[in-house]
Amino acid sequence: MKKLYIIRHAKSSWHFNMSKDHDRPLNSKGRLQVLKMGKYLAKYVKPPDQIITSPASRAFYTTLFIADAWKVEENKILLNDSFYNADTEILLAIIRNTNHSDILAICGHNPVLTALINKFMEKSINNLPTCGVMGFSFNIENWKNLNSEYLLPDFYYTPRSIDGS
């Protein structure tokens, strides 16, 4: 059995004079979102063995905050340049080439994360919101066998859905 957690970066800022979209940091709401989500995940979701993230500032810092809450060591975090402008086939190829992880988390950007989730869902979602996290279990022994027909949805958390926690 394999588990996959799909995490969208927290809310980012447009207020800094950044020459590249890649460099946009989290804004104050995003920092609050990720701290709250990290605390919630640490309480209710088993930590991943590995996290693969986009190197874009907003995704990388979302990953670091959540990894800290889960107590995931930094050597279990992999930055992957392909995550920044990936399509679903690129993400699937990266996931399928993962070794030694029973629980894998990925952190990146929309619209590709929503598209990836919808490849696995019978009923699609419109949008994975900022700092949203969706978890899946797959009845497979190896990530290279990842296919939606082995899917078991586990959870779907958004900053709004955990407000009462």
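Notes on the structure in this doc start here.

Cut-off values and rules
- Residues numbered from 1 in each chain as written.
- Predicted model: local features only at pLDDT ≥ 70, side-chain atom pairs only at ≥ 80, totals over all residues.
- Heavy atoms only, no water.
- Axes fitted to C-alpha atoms, helices over the stretch in contact; angles between N-to-C directions.
- Helix = DSSP H or I, 4+ residues; strand = E, 2+ residues; numbered from the N terminus.
- Parallel < 35°, antiparallel > 145°, perpendicular 65-115°, else oblique.
- Left-handed = near helix turned anticlockwise from the far one by under 90°.
- Contact = heavy atoms within 4.5 Å.
- Buried < 20%, exposed > 50% of the residue type's maximum accessible area, 1.4 Å probe, protein only.
- 1 Å grid on protein atoms, 1.4 Å probe; cavity = no way out; pocket = protein on both sides within 12 Å on 5 of 7 lines; lining within 4 Å.
- Points joined across faces, edges and corners; volume = space filled by probe spheres on them.
- Nonpolar A, V, L, I, M, F, W, Y, C, P; charged D, E, K, R; others polar.
- Phe/Tyr/Trp six-rings, centres within 6.5 Å; stacked < 30°, edge-to-face > 60°.

Relative to each other, helix 3 (residues 88-96) and helix 4 (residues 112-120) sit at 70°, their axes nearing to 9 Å. The angle between helix 3 and helix 4 places the two elements in the roughly perpendicular class. Viewed along their axes, helix 3 and helix 4 form a crossing whose handedness is right-handed. Between helix 3, through Thr 88, Glu 89, Leu 91, Leu 92 and Ile 95, and helix 4, the contact on the second element is made entirely by Val 112, Leu 113, Ala 115, Leu 116, Lys 119 and Phe 120.

This part is about the environment of Val 45. Following the sequence through the fold, Val 45 ends up in the loop between helix 1 (28-44) and strand 2 (50-53). Judged by relative accessible area, which is 6%, Val 45 ranks as buried. C-alpha of Val 45 to C-alpha of Val 72: the two residues are 27 residues apart in sequence and 13 Å apart in space. The contacts of Val 45, once residues within four sequence positions are left out, are Tyr 5, Trp 70, Phe 155 and Tyr 157.

Our focus in this paragraph is the layout of surface pockets. The calculated volume of the largest pocket comes to roughly 260 Å³. Around the largest pocket, the lining residues are Lys 11, Lys 29, Leu 32, Gln 33, Lys 36, Pro 129, Thr 130, Thr 158, Pro 159, Arg 160 and Asp 163. A breakdown of the residues in the lining of the largest pocket according to their chemical character gives three nonpolar, three polar and five charged.

Attention now moves to the packing of aromatic side chains. Evaluation of the coordinates by the stated rule reveals 10 aromatic pairs. When the ring of Phe 136 is compared with that of Phe 138, the centres are 6.1 Å apart and the planes differ by 40°; the resulting orientation is tilted. Since its relative accessible area comes to 0%, Phe 136 is described here as buried.

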